[in-house]
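Chain residues, written in single-letter form:
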Amino acid sequence: MNCCSSCSSYSSSEDNMNSSRRFDSYNEAFTKNFITFFLVFTIICINGAFVYTYFKGKDFQRDPRYVLYIHLVINDMIMLTVSLGLVIATYTGNPGFIPCWIMLVVLITTNRISPLNLAGMALERYIAVCLPLHHVQICTVQRAHLLIALIWLVSFIPAFTDIIIILITQPLSVFSKTVLCHATLVYNTPYHETLSLVVEVLMFSFVFLTVVFTYLNVLLAARGVSGVSRASMRNARNTILLHGVQLLLCLLSFISPFINLILVTNWPHKRTDIFFSTFLFTNVLPRLLSPLIYGVRDKKFRGKIRMHFCFKGCRTVEERMKVRPRRTSKQAIH
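All values derive from a computational prediction rather than experimental measurement. (Residues numbered from 1 in each chain as written. Predicted model: local features only at pLDDT ≥ 70, side-chain atom pairs only at ≥ 80, totals over all residues. Heavy atoms only, no water.)

Q: Mind showing me how you'd approach the overall build of the protein chain here?
A: What the protein chain contains, in helices and strands, is 15 helices and zero strands. The buried share among the 334 residues of the protein chain stands at 45%. Of the contacts formed within the protein chain by residues at least 6 apart in sequence, a portion of 81% connects residues at least 24 apart. When the accessible surface of the protein chain is totalled, it reaches about 17,600 Å², and 68% of it is carbon and sulfur. (Helix = DSSP H or I, 4+ residues; strand = E, 2+ residues; numbered from the N terminus. Buried < 20%, exposed > 50% of the residue type's maximum accessible area, 1.4 Å probe, protein only. Contact = heavy atoms within 4.5 Å. Areas by Shrake-Rupley, 256 points an atom, 1.4 Å probe, with all protein chains shown as cover.)

What follows is the structure, encoded as structure tokens:
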């Protein structure tokens, strides 16, 4: 269905849920939940460090590029937190319909925000490189905030429409029931399947074409320049290419139910292990890419991270490395 289809992917249907209880021993269930919690907690801590650095630096908050980036990071943190809650709920019991619906709305919305945010970031890099004289006028912080609001609205409407379909097609008594909290079970009508398919195809087609368009234009623009401008364009081209990798990972989570189906058909006795592995590799681990792309590759962000989080000993070593050349030069003069 979408990324949330594998957020509790190793229990993505009632049969899967029952199979997890039949085949997972207590130790296996504990191990899987511990690994999930550890990875999610680690990624949230890493992303939290970048969020802290962003809000401590006024320069970042005045740059639309970093505004869009930190929005993607915060969105990933929200998505991972809700995903972790659903995974834990798999083994602890079934929530009521309304709490489940709230979690699914948040999960589906944040999941659809990621590729749209990537498209916005790719467009910002395209304007900065190909239309540098207009970048200041077009890409402002206010417009970045408006774009974020528009992304949330566009992403929320399909998630809200799902519950409207429930109200129309299901009796009101459904809201008082406990459910297996999974999108394919809660939203199980043909209308939901059609809506989900149309939204996903349109959204990913738009984002894919946007990334390809911006990448090709930056690539063509880089051929006609040299020196510092060429290096800047090459960096922008690589950044957009990495956004394409992120989009590909989003597509992997989109097709994860089909991957699960193929693998489980061939190795049915490894059912819960397959669901667990695809969940980690298509939903959890890709969230590390956001801090890597802008955090590690960006010199400005990397410098601020060192300043805020580098240990005192690390700073002392850096200071010594700066002082040594000066002493050597003085001795050479004498």
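Q: Help me out: how do you make sense of the side chain of E124 in this one?
A: Residue position: E124 is located in helix α5 (residues 97-130). Within the local environment of E124, its side chain forms a polar contact with the side chain of R125, the two groups lying 2.8 Å apart. Apart from the residues within four sequence positions on either side, E124 is in contact with R65, L68, H135 and C139. (Polar contact = N/O pair within 3.5 Å; in protein donor to acceptor, adjacent residues only side chain to side chain.)

Q: Before we go on, may I ask you to explain the nonpolar core in this structure?
A: Taken as a class, soluble globular proteins show a tendency for nonpolar side chains to be buried jointly. Counting 20 residues, the largest nonpolar core has Y54, V67, Y69, I70, V73 and F301 as the members making the most contacts within it. At the level of secondary structure, the elements contributing two or more residues to this core comprise α2 (26-56), α4 (64-92), α5, α7 (141-169) and α14 (299-309). The dominant element in this core, judged by the number of residues it contributes, is α4, at eight residues. Ranked by size, the runner-up nonpolar core spans 18 residues in total, among them M79, F97, I108 and A159. (Core = buried A, V, L, I, M, F, W, Y, C linked by side-chain atoms within 4.5 Å.)

Q: Would you explain the packing of aromatic side chains in this entry?
A: Geometrically, a pair of aromatic rings is defined through the distance of the ring centres and the angle of the planes. All chains considered together, the criterion is met by seven aromatic pairs. A ring pair is formed by Y54 and F55, whose centres lie 4.9 Å apart and whose planes are at 85 degrees; its orientation type is edge-to-face. Summarising the aromatic geometry, the rings of F60 and Y66 are spaced 4.9 Å apart at their centres and angled 70 degrees between planes, so their arrangement reads as edge-to-face. Just as F60 is buried, Y66 falls in that class too. (Phe/Tyr/Trp six-rings, centres within 6.5 Å; stacked < 30°, edge-to-face > 60°.)

Q: What is the right way to read the UniProt feature "transmembrane region" (unreviewed entry) in the protein chain from this model?
A: When the UniProt feature table is mapped onto this chain numbering, "transmembrane region" (unreviewed entry) sits at residues 34-55, 67-89, 101-123, 144-168, 197-220, 240-262 and 274-296. Overall, residues 67-89 shows 100% helix and 0% strand. The separation of its end C-alpha atoms is 33 Å. (UniProt positions renumbered as here; feature names shortened; annotations may be inferred.)

Q: Help me out: how do you make sense of the pattern of salt bridges in this one?
A: When the charged atoms of two side chains lie near each other, side chains of opposite charge can form a pair. Inspection of every chain in the model, using the stated rule, returns five salt bridges. For E200, the salt bridge identified is with R112, shortest N-O distance 3.4 Å. Here the residue E200 occupies a position in helix α9 (residues 190-223), and R112 occupies one in helix α5, the gap between them amounting to 88 residues. Its relative accessible area of 3% is what places R112 among the buried residues. Taking the shortest distance from any N to any O, the salt bridge between R125 and E124 comes out at 2.8 Å. Of the residues examined, E124 reaches a relative accessible area of 3% and is grouped as buried. (Salt bridge = Lys/Arg side-chain N within 4 Å of Asp/Glu carboxyl O.)

Q: Sorry, what's going on with the confidence of the model for the protein chain here?
A: Atomic detail in the predicted coordinates should be set aside for any region of low pLDDT. Taken residue by residue, the protein chain gives an average pLDDT of 77. The fraction at 70 or more is 79%. Within the protein chain, the element-level pLDDT minimum falls on helix α1 (residues 14-23), averaging 42, and the maximum on α7, averaging 92. In the model, residues 5-22 has pLDDT below 50 throughout and makes 55 contacts with residues more than four positions away in sequence or in other chains. Considering only residues more than four positions removed or in separate chains, one finds that residues 327-334, a stretch of pLDDT under 50, has zero contacts. (pLDDT = per-residue confidence, 0-100.)

Q: Can you walk me through the environment of V67 in this structure?
A: Structurally, V67 is set in helix α4. Note on V67: relative accessible area 4%, which makes it buried. Linking V67 and I148, residues 81 residues apart in sequence, is a C-alpha distance of 9.2 Å. If we skip the residues at most four places from it in the chain, V67 touches Y54, F60, Q61, V141, A144, H145 and I148.

Q: In this structure, what is going on with the packing of α2 against α14? I would like to understand it.
A: Packed helices, taken two at a time, are described by their axes: the angle between them and the distance between them. Put simply, α2 and α14 touch, their axes get as near as 10 Å, and they point 100 degrees apart. It follows from the interaxial angle that α2 and α14 lie roughly perpendicular. Here α2 contributes A49, F50, Y52, T53, Y54 and K56 to the contact with α14, which in turn contributes F301, K304, I305, H308 and F309. For the contact of α2 with α14, the class distribution of residues is seven nonpolar, two polar and two charged. (Axes fitted to C-alpha atoms, helices over the stretch in contact; angles between N-to-C directions. Parallel < 35°, antiparallel > 145°, perpendicular 65-115°, else oblique. Nonpolar A, V, L, I, M, F, W, Y, C, P; charged D, E, K, R; others polar.)

Q: I keep staring at helix α12 (residues 271-284) and nothing clicks. Help me out?
A: For an α-helix, 3.6 residues make a turn, and residues three or four places apart therefore share a direction. An ideal rise of 1.5 Å per residue puts 20 Å on 14 residues; α12 measures up with 19 Å between its terminal C-alpha atoms. In terms of burial, α12 is largely enclosed, as 11 of its 14 residues are buried. Taken together, the buried positions of α12 are occupied by R271, T272, I274, F275, F276, T278, F279, L280, T282, N283 and V284. (Expected span 1.5 Å × (residues − 1).)

Q: Please clarify how the packing of α2 against α12 should be interpreted in this entry.
A: Where α2 contacts α12, the axes come no closer than 12 Å and their chain directions differ by 0 degrees. Here α2 is positioned roughly parallel relative to α12, judged by the angle of their axes. Packed against α2, whose contacting residues are K32, I35, T36, L39, V40 and I43, the element α12 presents T272, D273, F276, F279, L280 and V284 at the interface. The residue makeup of the contact of α2 with α12, split by class, is eight nonpolar, two polar and two charged.

Q: Hey, could you run me through α5 in this one?
A: With 34 residues, α5 should cover 50 Å at 1.5 Å per step; its first-to-last C-alpha distance of 49 Å lies within 8% of that length. Where α5 bends most, the angle comes to about 25 degrees, and this point is S114, followed within four residues by the proline P115. Extensive coverage of α5 is indicated by the burial of 25 of its 34 residues. (Bend = angle between axes of the 7 residues up to and from the residue.)

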